[in-house]
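Here are the chains, one letter per residue:
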Amino acid sequence: MKKWKIKEATFNSLKELNEYIAENDIAPSNLIKYDTIYESLKQKTRYVITYWSIKE
């Protein structure tokens, strides 16, 4: 039986997010949650994905 773990990653732009997804071969079926967070103090939008992956 394969073991798995939950990972979370945060990015400053959609470009960074899309590059990370491509580099790590994250399939839509692995996605648990996607959030867009606006940080009002920094006046920035951050993109957060939570997904599961198989442990190596």
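Everything below is about the structure shown above.
Residues numbered from 1 in each chain as written. Predicted model: local features only at pLDDT ≥ 70, side-chain atom pairs only at ≥ 80, totals over all residues. Heavy atoms only, no water.

### Quick notes on the overall build of the protein
Counting its secondary structure elements, the protein contains one helix and three strands. For the protein, the succession of helices and strands along the chain, N to C, is β-α-β-β. For the protein, the C-alpha radius of gyration of 13 Å lies well beyond 10 Å, the compact-globule estimate for 56 residues. For the protein, the C-alpha atoms occupy an extent of roughly 45 × 20 × 15 Å along the three principal directions. In the protein, which comprises 56 residues, the proportion classed as buried is 20%. For the protein, contacts bridging at least 24 residues in sequence account for 56% of all contacts bridging at least 6. Of the accessible surface of the protein, which amounts to about 4,700 Å², a share of 52% is contributed by carbon and sulfur atoms. Of the charged side chains in the protein, 10 are positive and 8 negative, and the gap between their average positions amounts to 6 Å. (Helix = DSSP H or I, 4+ residues; strand = E, 2+ residues; numbered from the N terminus. Rg over C-alpha atoms; globule rule 2.2 N^0.38 Å. Buried < 20%, exposed > 50% of the residue type's maximum accessible area, 1.4 Å probe, protein only. Contact = heavy atoms within 4.5 Å. Areas by Shrake-Rupley, 256 points an atom, 1.4 Å probe, with all protein chains shown as cover. Lys, Arg positive; Asp, Glu negative; His and termini not counted. Charge placed at Lys NZ, Arg CZ, Asp CG, Glu CD.)

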